[in-house]
Amino acid sequence: MSISSKLAFGIIAGIVAILAVSSYFTVVREISLFETDMVRDHEVLERAALPALEQIWVADGPTRALELLTQVNTRRGTVSLRFLPREAISDEPPTEQLALSKLLLREGPRVVHVKREGHQPTLHTYSAVRVADQVPGVLELTESLEPRDAYVHSTVLRAAVTALSLGLVSAVLTFALGSTIVGRPVRALVDQVRRVGAGDLGARIDVETNDELAYLAREMNAMTGKLSEANKRLFEETAARVRALEQLRHADRLATVGKLASGIAHELGTPLNVVSGRAKMITQTLNADDTARQNARIVIEQSQRMAQIIRQLLDFARAGKPNKSSCDLRVLVASCLSLLKPIADKRGVTLELDADASIRPIVADSAQLQQVLTNLVVNAIQSMEQPGTVHVRLGAPPPGEARTGYLCLAVEDHGVGMSQATLERAFEPFFTTKDIGEGTGLGLAVAYGIVQEHGGFIDAISTPGQGSRFNVFLPLPAQSTNEST
């Protein structure tokens, strides 16, 4: 049952109860007043009829006196007068006999009594008729109480109709006001609870009033906002935990791969040197034919390639710290690009350097930073399927990536680019998208580790078909007091 229905039934019950009690006391009071008026009318009629009856009784006899009563009955209509002689008193009920006997003995006052004759009650008033020193009988005044009952019936009917009318009006008003004032806000609150239960924490309730339900709606909006913020924080914390877990797993894989790489590199280093040395001896043998020398040179080239891979494995697995010293990055970058220019020329790629002249020297291992730049530039050259330009920029971080206390070494190409899935795994060791024989998947992993050991970090931005940009952020040295002054 709705609140409006409960209010309506409660108001109707209260109205009916109040009207019933009020009608009851009204009817009782009106009945008392009605009977009092009737008794007073009897008293007035008695005062007029009784002396006249006694006088005519004395002057003209009882017969004339009784004729006078008949005439009075004809004129009054509603009140009937009757002379009741002593002999007829014995026919009355015992209680009336006692009262009338006292009247006859002149020991009692006038008697008022209500009797029921048939289905209608009647009011009877008795007074003693005194003739000289005798009481021949009593004068009885009789009047029907049917008007009183009719009045009571009409009063009860009016009260019932009034109660019913007020109840219906109250019910209509209660339902209408309850639906507007209570029902609509409650439905809005229920809908809000359902939306929150379904996970929609962005919904809000419009508050237009200033009552208790509006206060509850405002509190629910505040609660929903707090839940939304808590849910957002929980999502961010969960994502951070997932990222931290992935980093821990990645670090664990790096440690495992590093141990394996270190062992394999040391095991292969000596045999590889032997193979390379024997191949060089063949090329220097005087009686060797051209085919043998060509094959020996191929063995030397592949041995050098294997040695390079082993050096990358050793760099990746090394546990030592970098040998840092003052390093001018502009000179280092220019020298590195000069060494890589022949590789770029073979693919029709131009290397372009844009270095900020105000860059101060940093403290770093120049050899390791050269290795980082070499890996990034070689990857950029190899990603270019058509002639183009690889841009190398050295200076302050880009405006959208401003980081205080860092300088940025950016390598940007216009090659094939990488998908989001490839970009997420770009720095994993042994992960590569190059063909077999073109890459080992260690270049970016080694560069990532070197930059981290220097207190910096690398991020990558790539779009398939448009190219990639790798940003290396390296910490700037703290300025001395003299410099700052």
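Residues numbered from 1 in each chain as written. Predicted model: local features only at pLDDT ≥ 70, side-chain atom pairs only at ≥ 80, totals over all residues. Heavy atoms only, no water.

1. Regarding the overall build of the protein
Each helix and strand counted, the protein has 11 helices and 11 strands in total. Relative to its 485 residues, the protein shows a buried fraction of 34%. Accessible surface computed for the protein: about 29500 Å², of which carbon and sulfur atoms make up 57%. (Helix = DSSP H or I, 4+ residues; strand = E, 2+ residues; numbered from the N terminus. Buried < 20%, exposed > 50% of the residue type's maximum accessible area, 1.4 Å probe, protein only. Areas by Shrake-Rupley, 256 points an atom, 1.4 Å probe, with all protein chains shown as cover.)

2. Here we look at the packing of helix H7 (residues 329-346) against helix H8 (residues 366-383)
Closest axis-to-axis distance for the H7/H8 pair is 10 Å, and the angle between their directions is 40°. The orientation of H7 relative to H8 falls into the category oblique. By crossing handedness, the relation of H7 to H8 is classed as right-handed. Taking contact as the criterion, the partners of Leu329, Leu332, Val333, Cys336, Leu337, Leu339, Leu340, Ile343 and Ala344 in H7 are, on H8, Ser366, Leu369, Gln370, Leu373, Thr374, Val377, Val378 and Ile381. (Axes fitted to C-alpha atoms, helices over the stretch in contact; angles between N-to-C directions. Parallel < 35°, antiparallel > 145°, perpendicular 65-115°, else oblique. Left-handed = near helix turned anticlockwise from the far one by under 90°. Contact = heavy atoms within 4.5 Å.)

3. Focus: the packing of aromatic side chains
Following the criterion strictly, the structure yields 4 aromatic pairs and no others. Measuring from ring centre to ring centre gives 5.4 Å for Tyr24 and Phe25, while their planes differ by 75°; the resulting arrangement is edge-to-face. Across the pair, exposure class does not vary: Tyr24 and Phe25 are exposed alike. Measuring from centroid to centroid gives 5.0 Å for Trp57 and Phe83, while their planes differ by 50°, and the two rings are tilted. Of this pair, Trp57 sits in helix H1 (residues 3-60) while Phe83 is found in strand E1 (residues 79-85), placing the two residues 26 residues apart along the sequence. Its relative accessible area of 13% is what places Phe83 among the buried residues. (Phe/Tyr/Trp six-rings, centres within 6.5 Å; stacked < 30°, edge-to-face > 60°.)

4. Things to note about the sheet that holds strand E8 (residues 388-395)
Strand order in the open sheet made by the 5 strands is E6-E8-E9-E11-E10, with mixed pairing throughout. What marks the edges here is a single partner per strand, and that holds for strand E6 (349-355) and strand E10 (457-463). Between one strand axis and the next, the sheet turns through 15° on average, direction left out of account. Across 5 bridges, the pairing between E8 and strand E9 (residues 406-412) is antiparallel. (Pairing = 2+ DSSP bridges.)

5. Some words on the pattern of salt bridges
Within this structure, the stated rule accounts for 8 salt bridges. Across the pair Lys341 and Asp345 runs a salt bridge whose closest N-O atoms are separated by 3.0 Å. Here Lys341 pairs with Asp345, and both are found in helix H7, just 4 residues apart, close to one helical turn. Between Glu412 and Arg393 there is a salt bridge, with its nearest N and O atoms 2.8 Å apart. Highlighted residues: Glu412 in strand E9 and Arg393 in strand E8, separated in sequence by 19 residues. Under the relative-accessibility criterion, Arg393 is labelled partly exposed at 34%. (Salt bridge = Lys/Arg side-chain N within 4 Å of Asp/Glu carboxyl O.)

6. Some details on the pairing of E10
In regular strands, side chains alternate between the two faces of the sheet. Of the two faces of E10, the one lined by Ile458, Ala460 and Ser462 is fully buried and the one lined by Phe457, Asp459, Ile461 and Thr463 carries no buried residue. Bridging between E10 and strand E11 (residues 467-475) involves 7 bridges; their strand directions are antiparallel. Bridge pairing links Ile458 to Val472 in E11. Between E10 and E11, which follow one another and run antiparallel, lie 3 residues, and Gly465 among them has a positive phi close to 85°.

7. Some points on a nonpolar patch on the surface
Among the surface-exposed residues, Val21, Tyr24, Phe25 and Val28 lie close enough to one another that they form a single nonpolar patch of about 420 Å² accessible area. For Tyr24, the position within the fold is in helix H1. Taking the relative accessible area as the measure of exposure, Tyr24 reaches 54% and is therefore exposed. (Patch = residues over 30% accessible without salt bridge, like charges linked within 9 Å, V, L, I, M, F, W, Y side chains within 5 Å.)

8. With respect to the nonpolar core
Counting 42 residues, the largest nonpolar core has Val377, Val390 and Val392 as the members making the most contacts within it. When sequence neighbours within four positions are dropped, the list of residues in contact with Val390 reads Val349, Thr350, Leu351, Glu352, Ala380, Ile381, Met384, Val411, Glu412 and Asp413. In this structure, Leu45, Ala49, Leu69 and Phe83 belong to the second largest nonpolar core, which totals 15 residues. (Core = buried A, V, L, I, M, F, W, Y, C linked by side-chain atoms within 4.5 Å.)

9. Description of the packing of H8 against helix H10 (residues 443-453)
As a packed pair, H8 and H10 sit with axes 9 Å apart at the nearest point and diverge in direction by 145°. The handedness of the crossing between H8 and H10 comes out as left-handed. Seen from H8, the contacting residues are Gln368, Gln371, Val372, Asn375, Leu376 and Asn379; seen from H10, they are Gly443, Leu444, Val446, Ala447, Ile450, Val451 and Glu453.

10. So, helix H4 (residues 146-197)
Of all the bends in H4, the greatest measures close to 45° and is centred on Ser179. Phi for Gly199, located one or two positions after H4, is positive at around 100°. (Bend = angle between axes of the 7 residues up to and from the residue.)

11. Thoughts on the pairing of E11
Buried residues dominate E11, accounting for 7 of its 9 residues. The pairing of E9 with E11 spans 7 bridges and is classified as antiparallel. By the bridge assignment for E11, Leu409 is matched with Val472.

12. Quick word on the side chain of Ser383
Along the chain, the position of Ser383 falls in helix H8. Not counting the four nearest positions on each side in its chain, Ser383 is found in contact with Asp413, Gly415 and Val416.

13. Here's the deal with the confidence of the model for the protein
Reading fine detail from the predicted coordinates is not recommended where pLDDT is low. In this model, the protein carries an average pLDDT of 78, and 81% of its residues clear a pLDDT of 70 or more. In the predicted structure, residues 480-485 sits below a pLDDT of 50 and forms 2 contacts with residues beyond four places in sequence or in another chain. (pLDDT = per-residue confidence, 0-100.)

14. What to know about the environment of Asp200
As for its placement among the helices and strands, Asp200 is situated in the loop between H4 and helix H5 (212-284). Residue Asp200 is classed as partly exposed on the basis of its relative accessible area, which comes to 37%. As for Asp200 and Thr224, which are separated by 24 residues in sequence, their C-alpha atoms are 9.1 Å apart.

15. What about H8?
Between its first and last C-alpha atoms H8 spans 26 Å; for 18 residues at 1.5 Å apiece the expected length is 26 Å, and the two agree. Regarding H8, its N-cap is Asp365, as a side-chain oxygen of that residue lies 3.1 Å from the backbone nitrogen of Ala367 further along. (Expected span 1.5 Å × (residues − 1). Polar contact = N/O pair within 3.5 Å; in protein donor to acceptor, adjacent residues only side chain to side chain.)

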